[in-house]
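Letter by letter, the chains look like this.
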Amino acid sequence: MGTDDALVAEEVTVAFAGVKALDGVTFVCRPGEIVGLIGPNGSGKTTLLNVLSGFLEPAAGVVRFRGGATRGWSPQQYARRGLARTFQGVRPFAQLTVRENIEVGAVGVGASRREARERASDLLDELGLTELAGTWAGILPAGSQRRLGIARALAAEPDFLLLDEPAAGLHEAETDAVIDFIGSLRETRRIGVTLVEHDMRVVMRLCERVQVLDNGITLAEGAPAEIRTNERVLEAYLGTGSVGRAGGS
Ligand code: ADP
Ligand code: MG
């Protein structure tokens, strides 16, 4: 399968003060697929998202977006070309309303004010935020903040979406709402989703393919069912409890 329409990292390496956060990692996300990116804390997941979205330039390796090398692109250029992301620590503009935060996502990629308003109304509705449209984003509870982060990213109408732990810190019902929404993207938009997630339950339910990072390298890659029983993966997660949560339901 070619990767000319995909988001690709080829053997990327990133070091912080000499310590390699990523060491020759290759990653592919194709249009329409939800790829899970998992691994213990500190394994390099967020760093890989930062590389894929232009927030970090790799010391070695290349990122390709729809066939073209992206070296030198700013995060804004990525956004305009169809890539959007959310952040692990949600950071809405606290002094703007929920609606305005979503509009910023649209205006940021060149939408007119009218277009931005329309997209915001649709997304408020889709993400169940309409009743909170006029609320200051800074005072939202965690679950709504996560959904706002996703709405703001989608306001840019991306072809690829990178989500950094969208369910972290959420209660079970809130997690389910986020999972359902991400799953619904498959039907409503044919975008490629890279999902960084700690909660294996989320990954199992959503992803057709999973890549496991450990200490900056790829430990395993495959279908969720394979990953779940992979010895090396279980070993890497030992003691964290994350894989255990994939059992049962
Ligand atoms: P994950 O998202 O999988 O928890 P990260 O990508 O955030 O992991 O971090 C990978 C490694 O890189 C960790 O050892 C972390 O301490 C280190 N790291 C990440 N960002 C920085 C940074 N800005 N400066 C120094 N070290 C960093
Ligand atoms: Mg992280």
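Please read these numbers as outputs of a predicted model, since none were measured by experiment. The residue numbering used here restarts from 1 in each chain and proceeds along that chain's sequence as written. For this description, chains carry letters from A and ligands carry numbers from 1, given in the order in which they are written. Residue-level local features of this predicted model are given only where pLDDT is at least 70; pairs of side-chain atoms are given and counted only at 80 or more, and the full residue set underlies all totals for whole chains, interfaces and linings. To obtain the side-chain values, all non-hydrogen atoms of the structure were used and water was disregarded.

K.L.:
Residues and numbers for helix H6 (residues 172-188), please.
P.N.:
Numbering of helices and strands runs from the N terminus, with a helix taken as a DSSP run of H or I at least four residues long and a strand as a DSSP run of E at least two residues long. Multiplying one less than the number of residues by 1.5 Å gives the expected span of a helix. Helix length check: H6 (17 residues) gives 24 Å between terminal C-alpha atoms against 24 Å at 1.5 Å per residue, within 8%. Here's how the labels work: a residue is buried when its accessible area is under 20% of the maximum for its type, exposed when over 50%, partly exposed in between, all with a 1.4 Å probe on protein chains only. Among all positions of H6, only Thr 175, Val 178, Ile 179, Phe 181, Ile 182, Gly 183 and Leu 185 are buried. A contact between two residues is defined here by any heavy atoms of the two lying within 4.5 Å. Looking at the buried residues of H6, the elements they touch are strand S3 (34-38), helix H4 (113-126), helix H5 (142-154), strand S7 (160-164), strand S8 (192-196) and helix H7 (200-206).

K.L.:
So what's going on with the sheet that holds strand S6 (residues 83-85)? Which residues, and what values?
P.N.:
At least two bridges found by DSSP between two strands are what make those strands a pair. Pairing in this open sheet of 6 strands is mixed, and the strands run S6-S7-S8-S3-S9-S10 from one edge to the other. The open sheet has two edge strands with one neighbour each: S6 and strand S10 (217-222). The mean inter-strand angle of the sheet, taken between neighbouring strand axes irrespective of direction, is 15°. Sheet topology places strand S9 (residues 209-214) next to S10; 5 bridges connect them, and they run antiparallel. As a rule, the C-alpha atoms of each element are fitted with a line to give its axis, helices using only the stretch in contact, and angles between N-to-C directions run from 0 to 180 degrees.

K.L.:
Describe the pairing of strand S1 (residues 7-16), with residues and values.
P.N.:
Direction of pairing for S1 relative to strand S2 (residues 19-29): antiparallel, over a ladder of 8 bridges. From the neighbouring strand, Phe 16 faces S2, where its bridge partner is Val 19. Between S1 and the antiparallel strand that follows it, S2, lie 2 residues; Ala 17 among them carries a positive phi value of about 50°.

K.L.:
Can you lay out the sheet that holds S2 for me, pointing to particular residues and giving the numbers?
P.N.:
Overall, antiparallel pairing links the 4 strands, which are arranged S2-S1-S4-S5 in an open sheet. Each end of this open sheet is capped by a strand with a single partner; those strands are S2 and strand S5 (68-69). The sheet contact formed by S1 and strand S4 (residues 60-65) spans 5 bridges and is antiparallel. Bridge pairing in S4 links Ala 9 to Val 63.

K.L.:
So what's going on with the site of ligand 1? Which residues, and what values?
P.N.:
Any residue with at least one heavy atom within 4 Å of a molecule or strand is counted as near it. Looking at ligand 1, the residues that line it are Phe 16, Ala 21, Pro 40, Asn 41, Gly 42, Ser 43, Gly 44, Lys 45, Thr 46 and Thr 47. Backbone polar atom of Gly 42 to an oxygen atom of ligand 1: 2.8 Å apart, as the coordinates give it. Counted as a polar contact is a pair of N or O atoms within 3.5 Å, where, for protein atoms, one must be capable of donating a hydrogen and the other of accepting one, and residues adjacent in sequence contribute only when both atoms are in side chains. Contact between ligand 1 and Gly 44: an oxygen atom at 3.0 Å from a main-chain N or O atom of the residue. All accessible-area figures derive from a Shrake-Rupley calculation using a 1.4 Å probe, and residue coverage is judged against the displayed protein chains alone. Calculation on ligand 1 without its partners gives an accessible area of 560 Å², and the protein chains cover 55% of this total. Residues were grouped as follows: Ala, Val, Leu, Ile, Met, Phe, Trp, Tyr, Cys and Pro as nonpolar; Asp, Glu, Lys and Arg as charged; and all remaining residues, including Gly, as polar. Here the residues of the shell around ligand 1 sort into 3 nonpolar, 6 polar and 1 charged.

K.L.:
Provide a residue-level description of the nonpolar core, including the pertinent values.
P.N.:
As used here, the term nonpolar core means buried Ala, Val, Leu, Ile, Met, Phe, Trp, Tyr and Cys residues forming a set that is joined through side-chain atoms within 4.5 Å. By size, the foremost hydrophobic cluster in this structure holds 47 residues, and its most contacted members are Ile 102 and Leu 161. Ignoring anything within four residues of it in the chain, the contact list for Leu 161 reads Ala 84, Arg 85, Ala 153, Leu 154, Leu 185, Ile 191, Gly 192, Val 193 and Thr 194. One finds Leu 48, Leu 49, Val 51 and Leu 52 within the second-largest nonpolar core, a separate group that totals 23 residues.

K.L.:
For the packing of helix H3 (residues 98-107) against H4, give the residues involved together with the corresponding values.
P.N.:
Two elements in contact, H3 and H4, have axes separated by 8 Å at closest approach and are oriented at 125°. Accordingly, the angle class assigned to the pair H3 and H4 is oblique. Helix-helix and strand crossings are classified by hand; for H3 and H4 the assignment is right-handed. Here Val 98, Arg 99, Ile 102, Glu 103, Ala 106 and Val 107 of H3 come into contact with H4, specifically with Arg 113, Ala 116, Arg 117, Arg 119, Ala 120, Ser 121, Leu 123 and Leu 124. Partitioning the contact of H3 with H4 into residue classes produces 8 nonpolar, 1 polar and 5 charged. An angle below 35 degrees is read as roughly parallel, one above 145 as roughly antiparallel, one from 65 to 115 as roughly perpendicular, and any other as oblique. In this scheme the handedness of a crossing depends on how the near helix is turned from the far one: anticlockwise by less than a right angle means left-handed, clockwise means right-handed.

K.L.:
Provide a residue-level description of the coordination of the magnesium ion (ligand 2), including the pertinent values.
P.N.:
Shown as donors are all N, O and S atoms within 2.8 Å of a metal ion, widened to 3.2 Å for Na, K and Ca; because water is not in the atom set, sites may appear incomplete. Protein-derived ligands of the magnesium ion (ligand 2) are Thr 46 (OG1) and Gln 88 (OE1), with the metal-ligand distances lying across 2.1 to 2.4 Å. Within this pair, whereas Thr 46 is found in helix H1 (residues 45-52), its partner Gln 88 is found in the loop between S6 and H3, the two being separated by 42 residues in sequence.

K.L.:
I'd like a description of the packing of aromatic side chains, backed by residues and values.
P.N.:
Only Phe, Tyr and Trp rings are paired, with Trp represented by its six-membered ring, and only when their centres lie within 6.5 Å; those with planes under 30 degrees apart are stacked, over 60 edge-to-face, the remainder tilted. Across all of its chains, the model carries 5 aromatic pairs by this definition. Residue placement shows Arg 81 over the ring face of Trp 73; its charged tip is 4.0 Å from the ring centre. By the criterion adopted, a ring carries a charge over it if an Arg CZ or a Lys NZ lies within 6 Å of its centre and within 35 degrees of its normal. Taking the ring centre of Phe 55 as reference, the NZ or CZ of Arg 85 above it sits at 4.8 Å.

K.L.:
So what about the pairing of S3? Which residues, and what values?
P.N.:
Judged by how many residues are buried, S3 sits mostly within the fold: 5 of 5 residues are covered. Residues Ile 34, Gly 36 and Ile 38 line one face of S3 and the alternating positions Val 35 and Leu 37 line the opposite face, and both faces are buried. Pairing of S3 with S8 involves 4 bridges; the strand directions are parallel. Following the sheet pairing, Val 35 is matched in S8 by Thr 194.

K.L.:
I'd like a rundown of the layout of surface pockets, residues and numbers included.
P.N.:
Here a cavity is any set of points on a 1 Å grid over the protein atoms alone where a 1.4 Å probe fits but cannot get out, and a pocket is any open set with protein on both sides within 12 Å along at least 5 of 7 lines; a residue lines the site when it has an atom within 4 Å of a point. Grid points are joined across faces, edges and corners, and a volume is the space filled by probe spheres set on the points. Computed from the structure, the largest pocket encloses a volume of approximately 650 Å³. Taken together, 29 residues make up the lining of the largest pocket; nearest its centre are Phe 55, Ala 79, Arg 85, Phe 87 and Arg 152. Elements with a minimum of two residues in the lining of the largest pocket: helix H2 (75-80), S6, H3 and H5. Taken together, the residues of the lining of the largest pocket sort by class into 16 nonpolar, 8 polar and 5 charged.

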